[in-house]
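# Topology and contacts: notes
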Amino acid sequence: MSELNLILLGPPGAGKGTQAERLEQDFHLPYIATGNMLRAAVEEGTELGKKAKKYMDAGDLVPDELIIGMILECVDDERCNDGFLLDGFPRNLEQAKSLDEALAKLDRSITAALLIDVPDEVIVRRLSGRRTCKKEGHVYHVETNPPKHEGVCDIDGSKLVQRDDDKPETVQNRLRVYHENTEPLVGYYQDQGVLRRFDGTRNPTEVHDHLRATIATLRLEDEI
C-alpha cells in the first residue's frame, strides 16, 4: 500500500479537526495533532515530554526541534507505515523546511498538503457566533445551530457563553498571525507540486467528499 503522508492547512476555524476525524476513519491514518501530541508526551513523562514541560512551565514556546522529534517518534511507529495525517505543524516556512529535512532522513516525504480555504469574513462569522455551555461544553452557533432558548443549553440547561478565543477581536488577531506566519506555506507546498486546495465554505460533508476523492486519487496514482 502506498504511503499517504498528509498535512492539513487552513486558517483557524476552517474545519480541519472535523475533516481530520473523518479522513482518519476513511484511510486508517494516525492523526498527529501536535497540540494533543505535546500534551500527551508531557502527561506520559516521555523524555521529550519532560524537556517540553520545562519550556511550558516557564511560559516559553517549545522549540521546533522538540516538536519535530515528537512527530518523528510518531512517524517512525509501525502504525504510520502507511502514512499519517499531520495537523498543527508546520506553522511557518522554517518549520516546514526542518520537517522536510527530518522526514528525508527516514526516507519519507509529504504526499500532499491539503489546504481548506476559507475567507476571513466567513471565519470571523463562524467563530464569533459560537456559544459554549458552561457545564459540559456543548457547542452551538447563533446562526447555524441556535439553542431552542437563547443563551441556554438545550441539553443541560446551563448558561451559554462566548469563549474569549471566539471573540471577534481575538479571531481577527489569530487570522493576522495565520496570514503572517502560516499562509506562506501555501506557496512553499505549491512550488513542490503537493498542494491541493479545497473550498472550506461548502458544508462539511461536501468538503469531506472532495478531500476523500482527492486522497483516493493520489493513492491510486502512486500505485500505478
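Up top you'll find the structure we're talking about.
Residues numbered from 1 in each chain as written. Predicted model: local features only at pLDDT ≥ 70, side-chain atom pairs only at ≥ 80, totals over all residues. Heavy atoms only, no water.

For the structure shown, the criterion picks out zero disulfides. Cysteine Cys133 shares no disulfide, and the gap to the nearest cysteine sulfur, in Cys153, comes to 4.0 Å. (Disulfide = S-S within 2.5 Å.)

Their axes nearest at 5 Å, the elements helix α7 (residues 168–182) and helix α8 (residues 184–191) cross at an angle of 35 degrees. Within the contact between the two elements, α7 uses His179, Glu180, Asn181 and Thr182 and α8 uses Pro184, Leu185 and Val186. When grouped by side-chain class, the residues that make up the contact of α7 with α8 number three nonpolar, three polar and one charged. (Axes fitted to C-alpha atoms, helices over the stretch in contact; angles between N-to-C directions. Helix = DSSP H or I, 4+ residues; strand = E, 2+ residues; numbered from the N terminus. Contact = heavy atoms within 4.5 Å. Nonpolar A, V, L, I, M, F, W, Y, C, P; charged D, E, K, R; others polar.)

Moving on: the environment of Asp64. Mapped onto the secondary structure, Asp64 falls in helix α4 (residues 64–75). Spatially, the C-alpha atom of Asp64 lies 10 Å from that of Ala52, the residues being 12 residues apart in sequence. Filtering out sequence-adjacent residues up to four positions away, Asp64 remains in contact with Phe89 and Gln95.

Note on placement: Thr214 falls in helix α9 (residues 204–223). Looking at Thr214, the relative accessible area reads 17%, which means it is buried. Sequence spacing of Thr214 and Ala112 is 102 residues, and the spatial spacing of their C-alpha atoms is 9.9 Å. (Buried < 20%, exposed > 50% of the residue type's maximum accessible area, 1.4 Å probe, protein only.)

Further remarks concern the side chain of His208. By secondary structure assignment, the location of His208 is in helix α9. Every residue in contact with His208, bar those within four places of it in the chain, is listed here: Gln19, Arg22, Leu23 and Asp26.

Summed over the entire model, instances satisfying the criterion amount to one aromatic pair. A centroid spacing of 5.1 Å and a plane angle of 75 degrees characterise the contact between Tyr188 and Tyr189, whose relative ring orientation is edge-to-face. Both residues of the pair, Tyr188 and Tyr189, belong to the buried class. (Phe/Tyr/Trp six-rings, centres within 6.5 Å; stacked < 30°, edge-to-face > 60°.)

Going through the model one piece at a time under the given rule, you end up with 13 salt bridges. We note a salt bridge from Arg130 to Asp166, for which the minimum N-O separation is 2.9 Å. Taken together, the positions of Arg130 in strand β5 (residues 130–133) and Asp166 in the loop between β7 (160–161) and α7 put the pair 36 residues apart, joining distant regions of the chain. In this structure, the salt-bridge partner of Arg163 is Asp166, at a minimum N-O distance of 3.5 Å. Note on Arg163: relative accessible area 38%, which makes it partly exposed. (Salt bridge = Lys/Arg side-chain N within 4 Å of Asp/Glu carboxyl O.)

Here helix α6 (residues 120–128) crosses α7 at 140 degrees, and the two axes come no closer than 9 Å. Considered as vectors, α6 and α7 are oriented oblique to each other. Judged by the twist between their axes, the crossing of α6 over α7 is right-handed. Of the residues in α7, those touching α6 at Asp120, Ile123, Val124, Leu127 and Ser128 are Pro168, Val171, Gln172, Arg174, Leu175 and His179. (Parallel < 35°, antiparallel > 145°, perpendicular 65-115°, else oblique. Left-handed = near helix turned anticlockwise from the far one by under 90°.)

In this section: the nonpolar core. In terms of nonpolar packing, the biggest core is built from 33 residues, with Leu9, Ile71, Phe84 and Tyr189 touching the most fellow members. Taken together, the elements giving at least two residues each to this core come down to β1 (4–9), α2 (34–44), α3 (47–57), α4, β3 (83–87), α5 (93–105), β4 (112–117) and α8. A total of six residues in this core trace back to one element, the largest contributor, which is α4. If we skip the residues at most four places from it in the chain, Ile71 touches Thr34, Met37, Leu86, Phe89 and Leu99. (Core = buried A, V, L, I, M, F, W, Y, C linked by side-chain atoms within 4.5 Å.)

What follows concerns unusual backbone geometry. Along the chain, Phe89 connects to Pro90 via a cis peptide bond; the corresponding omega equals 0 degrees. Within the secondary structure, Pro90 is located in the loop between β3 and α5. In this model, His28 sits at a positive phi of 55 degrees, which is unusual for a non-glycine residue. Structurally, the position occupied by His28 is in the loop between α1 (16–27) and β2 (31–33).

Fair warning: the whole summary comes from geometry, so function is off the table for now.
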